[in-house]
Amino acid sequence: KIARYQQYFCVEKIRNRIRNLEESGSRRGGVVWHTQGSGKSLTMVMLAKTIAMDRQRGHLTGGDGGERIVLVTDRVDLDDQLYATFRHCGLKSHQATTGAELVELLEDPAAKIITTIINKFEAAIGKQRIRVDDPNVFVLVDEGHRTQFGIRHSTMRRVLPNACYIGFTGTPVRRK
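This is a predicted model, so every value here is computed, not measured.

(A) Here's a closer look at the overall build of the protein. Assigned secondary structure in the protein consists of 6 helices and 6 strands. Its helices and strands in sequence order give the protein the pattern α-β-α-β-α-β-α-β-α-β-α-β, from N to C terminus. Expressed as a percentage of its 176 residues, the buried residues of the protein come to 51%. At a minimum sequence separation of 6, the contacts of the protein that also span at least 24 residues come to 76%. On the protein, roughly 9,300 Å² of surface is accessible, and the fraction owed to carbon and sulfur atoms is 50%.

Encoded structure:
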């Protein structure tokens, strides 16, 4: 796959934005607003590959040296689509289909790419009280304009408090 212009410039802007840790100990995230059909899922794949390459080249500062990507959606069909897209692009990913499985994957540093649905974080914090403080966790949120805010987002942030959050949307609903 070759990046289209909007994908290339998107990944480059994110690379520059996430390169260094903020004073708070986390990385600065943001929102990617690309129209429907622009290839947001492939942009996520390209971003994941770029983050891994930047870490290997020493272009990312801070943390324990092992970047991890957590792909979050709000529907099973989108989770299946992202999981399949990453697999078809040659990236080994792990799909957390239950809250318990999400906890296991988050605790396993070998699980570099995890796909899940946002409501699985409720189980992660409810039963197991898991917390991953590493700033080298990059949370890529698909359809960031829908259920990815409010209580569910707060729960996800309690599990991954220092993660870098990057939302992808084709239809933003709120400015904040």
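(B) Spotlight on helix H4 (residues 99-107). All of the buried residues in H4 are Gly-99, Leu-102, Val-103, Leu-105 and Leu-106. The arc that holds the buried residues of H4, viewed along the axis, is 165 degrees, so those residues lie on one side. For H4, the exposed residues set more than 90 degrees away from the buried face come down to Glu-104 and Glu-107.

(C) Up close: the pattern of salt bridges. All chains considered together, the criterion is met by 3 salt bridges. Its salt-bridge partner being Arg-75, residue Asp-77 comes within 3.1 Å of it at the nearest N-O pair.

(D) Focus on helix H1 (residues 5-18). The end-to-end C-alpha distance of H1 is 20 Å, a good match for the 20 Å that 14 residues give at a rise of 1.5 Å each. Here H1 has its buried residues at Gln-6, Gln-7, Cys-10, Val-11, Ile-14, Arg-15 and Ile-18. Each buried residue of H1 lies within a common arc of 165 degrees when the element is viewed along its axis, so the set occupies one face. Among the exposed residues of H1, those oriented more than 90 degrees off its buried face are Tyr-5, Phe-9, Lys-13 and Asn-16.

(E) Summary view of the packing of aromatic side chains. Taken as a whole and assessed by the stated rule, the structure comprises 1 aromatic pair. Centroid distance Tyr-8 to Phe-9: 5.2 Å. Interplanar angle 80 degrees. Geometry classified as edge-to-face.

(F) Representation of the nonpolar core within the structure. Counting residues in hydrophobic clusters, the biggest one holds 24 residues, and the most contacted among them are Phe-86 and Ile-166. Elements with a minimum of two residues in this core: H1, helix H2 (40-56), strand E2 (68-73), helix H3 (76-88), strand E5 (137-142) and strand E6 (164-169). Ranked by the residues each element gives to this core, the list is headed by H2, at 6 residues. Residue contacts for Ile-166: discarding those within four places in its chain leaves Ile-14, Ile-18, Gly-29, Gly-30, Val-32, Leu-47, Val-139, Leu-140 and Val-141. Counting 23 residues, the second largest nonpolar core, distinct from the first, contains Val-70, Val-103, Val-139 and Val-141.

(G) Representation of the layout of surface pockets in the model. Each pocket or cavity is described by its volume, and for the second largest pocket that value is around 280 Å³. Ala-3, Met-46, Lys-49, Thr-50 and Met-53 are, among the 16 residues lining the second largest pocket, the residues nearest its centre. The set of elements that each furnish at least two residues to the lining of the second largest pocket consists of H1 and H2. Among the elements that make up the lining of the second largest pocket, the one with the highest residue count is H2 (7 residues).

(H) Up close: the sheet that holds E6. If you walk across this open sheet you meet the 6 strands as E1-E6-E5-E2-E4-E3, and the pairing is parallel. Edge positions in the sheet fall to strand E1 (30-33) and strand E3 (94-95), since each has one partner strand and no second. Pairing geometry for E2 and E5, over 5 bridges, is parallel. Bridged to Val-70 within E5 is Val-139.

Reading the values: rules and limits
- Residues numbered from 1 in each chain as written.
- Predicted model: local features only at pLDDT ≥ 70, side-chain atom pairs only at ≥ 80, totals over all residues.
- Heavy atoms only, no water.
- Helix = DSSP H or I, 4+ residues; strand = E, 2+ residues; numbered from the N terminus.
- Buried < 20%, exposed > 50% of the residue type's maximum accessible area, 1.4 Å probe, protein only.
- Contact = heavy atoms within 4.5 Å.
- Areas by Shrake-Rupley, 256 points an atom, 1.4 Å probe, with all protein chains shown as cover.
- Arc of directions from axis to C-beta.
- Salt bridge = Lys/Arg side-chain N within 4 Å of Asp/Glu carboxyl O.
- Expected span 1.5 Å × (residues − 1).
- Phe/Tyr/Trp six-rings, centres within 6.5 Å; stacked < 30°, edge-to-face > 60°.
- Core = buried A, V, L, I, M, F, W, Y, C linked by side-chain atoms within 4.5 Å.
- 1 Å grid on protein atoms, 1.4 Å probe; cavity = no way out; pocket = protein on both sides within 12 Å on 5 of 7 lines; lining within 4 Å.
- Points joined across faces, edges and corners; volume = space filled by probe spheres on them.
- Pairing = 2+ DSSP bridges.

Everything listed here is a matter of geometry and, on its own, says nothing about what the molecule does.
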